[in-house]
Amino acid sequence: MKNKLQGCLIGAAVGDSLGLPYEGMSSSTGKKLFGLPDKQKLLFGLGMVSDDTEHLVIVLRSYRKANGDAESFSKILASKLKLWTLALPLAVGKASLISGIKLLFGFSHKKSGIFSAGNGPAMRVSVLGLLCEDNEKLREFVKRATYISHTDPKAYRGALAIAVAAKLAGENKKVDPNSFLEDFEKINDSKCEEFDEILKKTIQSVNYKQSTQNFAESLGLSKGVTGYIYHTIPIAIHAWLSNQDNFQTGLINTIQCGGDADTVGSIVGSLIGIQVGAENIPENWRKGIFDYPLNEKSLKEIASNTYNRSFIKELIVFPFRQTLLFILIILHILYRGIGMVIFRK
């Protein structure tokens with residue numbers, strides 16, 4: 001389990017850091033400005049992580065501390081999300097931010113969510129797929145990880161699909177696409193014809209060996225994969241099922257779809273990472289995570305439950321980290337703006 005958790009966390013962080021510079025851009029624009037996503041490009045071949053990786057770690061820590069008790073999990077998760085919100089996170093989803101603010105103002109975890117079908121819950125539940133021993137427990141914990149911020153049932157369905165994918169990835173080196181669909185239909189307790197059809201189209205496309213980018217275009221996502229859960233999930237599932245033994249190809253194909261590239265990349269990275277293990281993720285990508293407190297070394301220790309957290313060090317270093325990320329985001333926005341002007345000429 002330790003190796004699978006390491007692959008999950010490091011895979012997610014790599015996908016997050018690779019995709020971050022491409023966020024919000026179409027496939028063609030990203031290619032013009034940054035080229036192929038073959039290395040981190042936030043800062044001279046280095047990258048940083050965002051809320052995608054942070055929330056995955058928060059859910060893992062909350063689950064462990066709760067010792068299997070669902071209500072304790074919700075309360076611990078709420079407490080940790082309060083601290084995360086106080087750290088002034090950058091470039092985060094609306095629902096995640098608003099729910100964090102509501103928690104700070106005294107709302108309980110039962111009242112903190114807003115009606116949103118964003119992909120926030122999907123980015124943080126793959127660890128639950130690995131750790132929950134049975135389907136009933138998996139459903140309960142995914143619901144709690146979802147509804148604390150996103151109350152639209154669509155968000156839960158999408159998150160559950162990723163958790164089930166992670167569960168199967170942890171149990172099989174190679175998951176049959178049709179078996180994934182069958183298992184999800186058995187586990188899913190929130191039936192929806194629209195979502196069922198989306199997943200069926202996804203599996204058909206995988207079976208036909210259609211590329212992930214072409215599949216995205218067939219769904220009307222030629223300008224990029226949005227943060228809407230019914231857009232994110234089919235692309236993430238498609239990229240995972242099509243590249244279960246090839247982390248590098250899976251991530252590149254995912255990020256080249258454009259749009260919410262860091263979140264979709266993080267989800268795909270976590271799923272393929274479970275199957276291939278951290279050691280089979282390209283070393284330069286692992287070493288390219290230039291961040292604190294989440295980097296290759298600390299994520300391995302978190303997965304192994306041996307990480308010794310230094311709150312004093314975090315209080316000293318983290319403000320500088322946030323300032324650096326803010327500056328880099330501003331510089332990237334300026335670069336994008338200048339680049340688009342040049343390309344139009």
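Residues numbered from 1 in each chain as written. Predicted model: local features only at pLDDT ≥ 70, side-chain atom pairs only at ≥ 80, totals over all residues. Heavy atoms only, no water.

**Q** Quick one: what's the story with the packing of aromatic side chains, residue by residue and with numbers?
**A** All chains considered together, the criterion is met by eleven aromatic pairs. Between Tyr 63 and Phe 141 the ring centres are 5.2 Å apart and the planes differ by 65°, which places this aromatic pair in the edge-to-face class. Of the two residues, Tyr 63 sits in helix α3 (residues 51-66) while Phe 141 sits in helix α7 (residues 135-147), which places them 78 residues apart along the sequence. Tyr 63 sits in the buried class, given a relative accessible area of 8%. Ring geometry for Phe 73 versus Phe 141: centroids 5.0 Å apart, planes at 55°, classification tilted. Of this pair, Phe 73 sits in helix α4 (residues 70-86) while Phe 141 sits in helix α7, and the two are 68 residues apart along the sequence. An aromatic cluster is built from Phe 180, Phe 184, Phe 195, Tyr 228, Tyr 230 and Trp 240, whose rings are joined through pairwise contacts. (Phe/Tyr/Trp six-rings, centres within 6.5 Å; stacked < 30°, edge-to-face > 60°. Helix = DSSP H or I, 4+ residues; strand = E, 2+ residues; numbered from the N terminus. Buried < 20%, exposed > 50% of the residue type's maximum accessible area, 1.4 Å probe, protein only.)

**Q** Can you lay out the side chain of Ser 17 for me, pointing to particular residues and giving the numbers?
**A** Within the secondary structure layout, Ser 17 lies in helix α1 (residues 2-19). For Ser 17, a relative accessible area of 1% translates into the label buried. In terms of polar contacts, Ser 17 uses its side chain to reach the side chain of Gln 40, at 3.1 Å. Residues in contact with Ser 17, not counting those within four places in the same chain, are Gln 40, Gly 47, Met 48 and Ile 289. (Polar contact = N/O pair within 3.5 Å; in protein donor to acceptor, adjacent residues only side chain to side chain. Contact = heavy atoms within 4.5 Å.)

**Q** I'd love a proper account of the pattern of salt bridges, names of residues and values included.
**A** Per the stated rule, a full pass over the model turns up 15 salt bridges. One salt bridge connects Glu 54 with Arg 321, and the closest N-O pair in it is separated by 3.8 Å. One end of the pair, Glu 54, is in helix α3; the other, Arg 321, is in helix α17 (residues 311-344), and 267 residues separate them in sequence. Judged by relative accessible area, Glu 54 falls into the buried class, the value being 14%. Take Arg 321: its relative accessible area is 6%, and that puts it in the buried class. Where Glu 296 meets Lys 287, a salt bridge forms, and the shortest distance between an N and an O atom there is 3.2 Å. Since its relative accessible area comes to 8%, Glu 296 is described here as buried. (Salt bridge = Lys/Arg side-chain N within 4 Å of Asp/Glu carboxyl O.)

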